[in-house]
Amino acid sequence: MGRPVWVVVAGTRPEATKLASVVRGLEYQGQPTLVLGSGQHTDLLTTSADSPWMQTFLDQWTPLGTVAHPGPGQFAAQVADTLAAYLGKVTFPVAGVIVQGDTATAYGAAQGAQKAGVPVAHVEAGIRSGDPQDPWPEETFRVAIDRIAAWHLAPTALCEARLKGEGVLDTITVTGNTGIDTLWWDVDPPGLVQTPLPLVLITMHRRERWARLAQIVGALDDRAAVAVPGLRWYWPVHPNPIIQKAAVGLKHIEIGPPMGTREFRRALARARLVVTDSGGVQEEAAALGVPCCVVRPVSDRPESVTSGHTLVVGADPEEAAEAVMRELRHPTLSREGFQGFGDGQAGERIAQTLAQ
């Protein structure tokens with residue numbers, strides 16, 4: 001019947017970014033893989049194909065079945081049913097289903113695998129904010145996935161400790177974060193010694209901020225962007241119409257279309273500061289030694305806060321703008337590259353763990 005196949009399920013750009021090195025690692029181990037796409041993201045995946053490795057990953061992409069998704073919970077349920085039906089019909093042996101992170105795709109695929117009696121490997125297990133409402137519904141999804149998973153592939157020792165605190169004891173492997181693997185495929189590490197450009201990057205899209213996003217960006221535009229002369233503020237705006245609307249009328253922040261994966265990472269590597277509400281950007285900025293201000297009440301990547309690479313500025317518009325302005329005027333954050341999220345070999349470690 002052939003060797004058992006690892007079914008890799010992805011739907012968003014972060015999942016594709018962080019699962020590509022897992023697929024490559026499994027291929028090096030001689031482990032067959034099948035990459036299934038849920039259809040959660042389409043346009044953003046297309047724009048991310050500026051990286052050769054991403055294009056290679058997307059070339060392996062087989063649609064699981066595009067579904068209409070009125071909301072994260074409904075979409076997850078549809079993915080679960082679709083994947084369970086798919087696994088019930090395949091004629092080849094399945095070693096397990098691999099999911100990454102905390103998306104509706106990951107949660108639905110984990111549920112679908114469970115329904116079909118197929119074990120689940122969770123890449124990026126154990127990440128927590130401690131607040132079920134922020135990020136929502138991702139915090140709920142990742143906790144639930146870890147309850148289902150047979151393999152917990154934790155990016156850091158802190159994630160391992162969280163899992164053990166939740167009763168997971170014998171199925172954890174600390175691997176590093178696979179996003180750092182692909183980061184170094186896109187950005188040459190010797191480039192870290194280059195002088196930063198006078199650039200402040202903005203990347204914000206979290207739904208928890210939608211209600212006040214216009215006020216947050218407006219405060220950055222009115223106050224922080226004029227506090228330190230000679231800086232270029234640039235925001236590659238997410239295609240969501242709600243976020244697009246928040247970008248209207250800015251005077252000092254330049255807006256543009258979404259960047260490709262490699263394009264964004266190379267801009268980030270040369271930035272003086274990044275203002276974000278993204279978990280993945282926190283990891284990449286710390287690895288690159290780029291100061292990062294997180295517009296959230298709490299970070300789910302506290303390793304970079306403790307190391308001095310990330311400053312949590314909160315979600316109040318005026319307070320966030322004031323904190324960003326202070327950091328620009330009187331820098332406190334480290335510009336040394338941080339290895340706490342991985343050394344670029346996470347995909348190989350995960351593949352070795354699963355191959356065993």
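Everything here concerns the structure above.
Just so we're clear, the structure is a prediction, and the values are computed from it rather than from any experiment. (Residues numbered from 1 in each chain as written. Predicted model: local features only at pLDDT ≥ 70, side-chain atom pairs only at ≥ 80, totals over all residues. Heavy atoms only, no water.)

A. Region of the structure containing the pairing of strand β9 (residues 232-236). By the criterion of burial, β9 is predominantly enclosed, with four of the five residues buried. Bridge count between strand β8 (residues 199-203) and β9: three bridges; the pairing is parallel. By the bridge assignment, V200 is partnered in β9 with W233. In this region the chain leaves β8, passes through helix α9 (residues 213-227) and returns to the parallel neighbour β9; the handedness of that crossover is right-handed. Bridge count between β9 and strand β10 (residues 253-256): four bridges; the pairing is parallel. Bridge pairing in β10 places W235 opposite I255. What joins β9 to β10 is helix α10 (residues 241-246), and the crossover it makes is right-handed. (Buried < 20%, exposed > 50% of the residue type's maximum accessible area, 1.4 Å probe, protein only. Helix = DSSP H or I, 4+ residues; strand = E, 2+ residues; numbered from the N terminus. Pairing = 2+ DSSP bridges. Right-handed = clockwise from strand over helix to strand, strands pointing away.)

B. Examining the pattern of salt bridges more closely. Per the stated rule, a full pass over the model turns up 28 salt bridges. In this structure, the salt-bridge partner of E139 is R142, at a minimum N-O distance of 2.6 Å. Taken together, the residues E139 and R142, both in helix α6 (residues 138-148) and three residues apart, mark about one turn of the helix. A relative accessible area of 2% means that R142 is categorised as buried. A salt bridge links E208 to R209; the shortest N-O distance between them is 3.7 Å. (Salt bridge = Lys/Arg side-chain N within 4 Å of Asp/Glu carboxyl O.)

C. Representation of the pairing of strand β4 (residues 94-100) within the structure. Among the seven residues that make up β4, five are buried, leaving the element largely enclosed by the rest of the structure. Relative to β4, strand β1 (residues 5-10) is paired through four bridges, and the arrangement is parallel. When the bridges of β4 are listed, W6 appears paired with G96. Bridge analysis of β4 against strand β5 (residues 120-123) gives four bridges, and the strand direction is parallel. Across the sheet, V97 pairs through a bridge with V120, a residue of β5.

D. View of the nonpolar core. If you look at the biggest cluster of nonpolar residues, it comprises 32 residues, and the most contacted ones within it are L220, W233, W235, I253, V275 and V324. Sorting the residues of this core by element identifies β8, α9, β9, α10, β11 (273-276) and α14 (317-329) as the ones contributing at least two each. Counting residues per element, this core draws most heavily on α9, which supplies eight residues. With residues near it in sequence (within four places) discarded, V275 still touches V200, L201, I202, T203, M204, L220, C293, V295 and V324. Within the second largest apolar cluster, 26 residues are counted, among which are L34, L87, A104 and I148. (Core = buried A, V, L, I, M, F, W, Y, C linked by side-chain atoms within 4.5 Å. Contact = heavy atoms within 4.5 Å.)

E. Highlighting unusual backbone geometry. D134 connects to P135 through a cis peptide bond whose omega is 5°. Assignment of secondary structure puts P135 in the loop between β5 and α6. In this model, W136 is joined to P137 through a cis peptide bond whose omega is 0°. Along the chain, P137 falls in the loop between β5 and α6. At E124, a residue that is not glycine, the phi angle is positive and equals roughly 80°. Mapped onto the fold, E124 is located in the loop between β5 and α6. In this structure E124 comes out as buried when scored by relative accessible area, which is 9%.

F. Representation of empty space enclosed by the protein within the structure. Tallying each qualifying case throughout the model produces two cavities of 30 Å³ or more. Put simply, the second largest cavity is a space of about 40 Å³. Together, K18, Q100, V123, E124, P155, T175, G176, N177, T178 and I350 line the second largest cavity. Looking at side-chain class alone, the lining of the second largest cavity contains three nonpolar, five polar and two charged residues. (1 Å grid on protein atoms, 1.4 Å probe; cavity = no way out; pocket = protein on both sides within 12 Å on 5 of 7 lines; lining within 4 Å. Points joined across faces, edges and corners; volume = space filled by probe spheres on them. Nonpolar A, V, L, I, M, F, W, Y, C, P; charged D, E, K, R; others polar.)

No statement about biological role is implied by the geometric values presented.
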